[in-house]
Amino acid sequence: MTVRAALAPLVAGTTWRRGVFLLLGGVLALPYGLLAVTFAQLLADSAIPRPLVYVLLVIAVLIAVVPLLVDGSRALEIAAVRALLGVDLPEPAPGHHGDRETRLRSALWIATHLIVGAVVMIALFSALPMALAFIAQQFGVGTELTSREQFGPLDGQDSGWLTVAGVLLLVGLGYAVAGLGALAGSMAPVLLGPAQAERIAALEARAARLAERNRLARELHDSVGHALTVATLQAGAAREVLDTDPEFVRRALTAIEDVGRTAMDDLDHVLGLLRENGRDRPVVAPQRTLADLDRLVTDARAAGLAVHAQRAGDPARVPAVVSREGYRIVQEGLTNAARHGHGPVTVRLDLHSDALELELVNAVRNPDRAQRERGGRGLDGMRERVLLLGGRLTVGPDGDRWLIRARLPYEETT
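Residues numbered from 1 in each chain as written. Predicted model: local features only at pLDDT ≥ 70, side-chain atom pairs only at ≥ 80, totals over all residues. Heavy atoms only, no water.

A look at the side chain of Ser-323
By secondary structure assignment, the location of Ser-323 is in helix H11 (residues 320-340). Within the structure, Ser-323 has its side chain in polar contact with the backbone nitrogen of Leu-290 (distance 2.8 Å). Here Ser-323 is in contact with Thr-289, Leu-290 and Val-318, once residues within four sequence places are set aside. (Helix = DSSP H or I, 4+ residues; strand = E, 2+ residues; numbered from the N terminus. Polar contact = N/O pair within 3.5 Å; in protein donor to acceptor, adjacent residues only side chain to side chain. Contact = heavy atoms within 4.5 Å.)

Some remarks on the sheet that holds strand E5 (residues 355-363)
The strand order E3-E4-E5-E7-E6 describes an open sheet built from five strands, whose pairing is mixed. Only two strands of the sheet have a single neighbouring strand rather than two, namely strand E3 (307-312) and strand E6 (392-398). For this sheet, the mean inter-axis angle between neighbouring strands, taken without regard to orientation, is 5 degrees. Taken together, the eight bridges between strand E4 (residues 342-351) and E5 define a ladder with antiparallel strand orientation. Counted as the bridge partner of Arg-348 is Glu-359 from E5. In this fold helix H10 (residues 293-302) packs onto E3 and E4, with an angle of close to 170 degrees to the strand it touches most, E3. (Pairing = 2+ DSSP bridges. Axes fitted to C-alpha atoms, helices over the stretch in contact; angles between N-to-C directions.)

Considerations on the UniProt feature "transmembrane region" (unreviewed entry) in the protein
Annotation from UniProt places "transmembrane region" (unreviewed entry) at residues 20-40, 52-70, 107-140 and 160-183. Measuring from the first to the last C-alpha atom of residues 20-40 gives 30 Å, for a span that is 100% helix and 0% strand. Secondary structure over residues 52-70 splits into 95% helix and 0% strand, and the C-alpha atoms at its two ends are 28 Å apart. (UniProt positions renumbered as here; feature names shortened; annotations may be inferred.)

Describing the packing of helix H2 (residues 13-44) against helix H4 (residues 71-85)
Contact geometry for H2 and H4: axes closest at 8 Å, N-to-C directions at 150 degrees. Accordingly, the angle class assigned to the pair H2 and H4 is roughly antiparallel. On the side of H2, the interface is formed by Arg-17, Arg-18, Val-20, Phe-21 and Leu-24, while H4 contributes Glu-77, Ala-80, Val-81, Ala-83, Leu-84 and Leu-85. When its residues are assigned to classes, the contact of H2 with H4 shows eight nonpolar, no polar and three charged. (Parallel < 35°, antiparallel > 145°, perpendicular 65-115°, else oblique. Nonpolar A, V, L, I, M, F, W, Y, C, P; charged D, E, K, R; others polar.)

Rendered as C-alpha cells:
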C-alpha cells in the first residue's frame, strides 16, 4: 500500500461529508446532554423532593423518546444519509406508517447516531486542540500551555515526542471519523431500509404505474392508429376522384379533419396524464365509450369501409370501464379491417345484464397473411383489455373470415 493510498481516506470528500453527518448527531444530542446534566444536579440537591424529581424525569424521558419513534424523524435521517453518507435509500412509501419493527430499527439508528455523534464531537473538542497545541509548540507557539504540564510519560521538555503525538492524534482522529462514517454507511440500509410492507407497497405502486402507462399506450395506439388509417384511406380515395367528383373530395377532407381533431383530443388527454404536473391540469377530453359507437361507425363508412352494425341493449347501463374498453376493441377491429380486410365488416354488440358480448367479422383473401399482418400491439392491446376485465377473447382467422369475439363481464349499473 502506498503512502498516497494510506492517506486517501483522510482527504477524501466522502470522509468530510461523513464527518459532518456524525457531528450532526452530536449537535442533536446536545439537548439530551443538557437534560442529563440538569437531572444529575437535581438528584444531587437534597433540598428538592425526590418524588418530584422522579416525576419530572419520567416526563422528560417520555418526551425525549418521542422523536426517536415518529415517522418524520426517520424521513429526516434518510434524507441526511442520502446527502451526507452517499447511501441511496428509497423514500418511505407515501401513506405508509411503519410497523413496530421499522420503528424500532429507526429508533436504534437515531440513538446510535446521537451517541456516536456526541463521542465524535467530544473527541474533536478535546483531542483536536490538544493535538494542535502539541504540534504548535514545536514551532515556539503556545509553549506556555505545555511547558508545565505532564502528558503521561511526556512533559513539556519532550517537544519532539509531543509533536509526533500530536500528528498521530490528528491522523487517528481522521481514521476514526472515516471508519465510523464507513460503518454508518454500511449499517444505514439495515436500520433505515424499507421493511417488507414498504417493499410490497413500493412494488404495488410501481405495478400500478406500469399498468397505467400500458393503458395509456393502448389508448394512444388505438386512437391515433384509427385516425391515421381513416385519414389515409380518405386521402387515397379523394386523390383518385380529385378531378371528377369534387363533392366526394370535400366530404373526404371533412372526415379527415374530424378524425384528426378527435385524435388530437385523445393525444392531448394522454400527454396531459403523462406530464409531471398533469394532476394539476383539468382533463377536458372525454373518454370514448359505447355511446360514441355510432360516430365511430360513421367515420369508418366515410373512409369507404362497409360496416353493418347491430346492437342489442342500452349502452348507458354498461359500467364506464367496460364501455370504454369495448369501444376501443371495436375501434381496433375496424382499423385492422380497413387496413388488411376485404369486403364489409359486421359488428354485433349484445349488452346483457351481466356481460358485454361483441363480435366483428370481415372477409380476408389470405388468412395466413392476415394472421401475420394483424399480429402486434393492436391484438396484444385487445388481449390486455379483456384480461384486465376478467373476460374472454377469440381473435384470428376463421376460414376465409377474420373473427374477433369478446365477452366482458360486469355488474349492471342502474
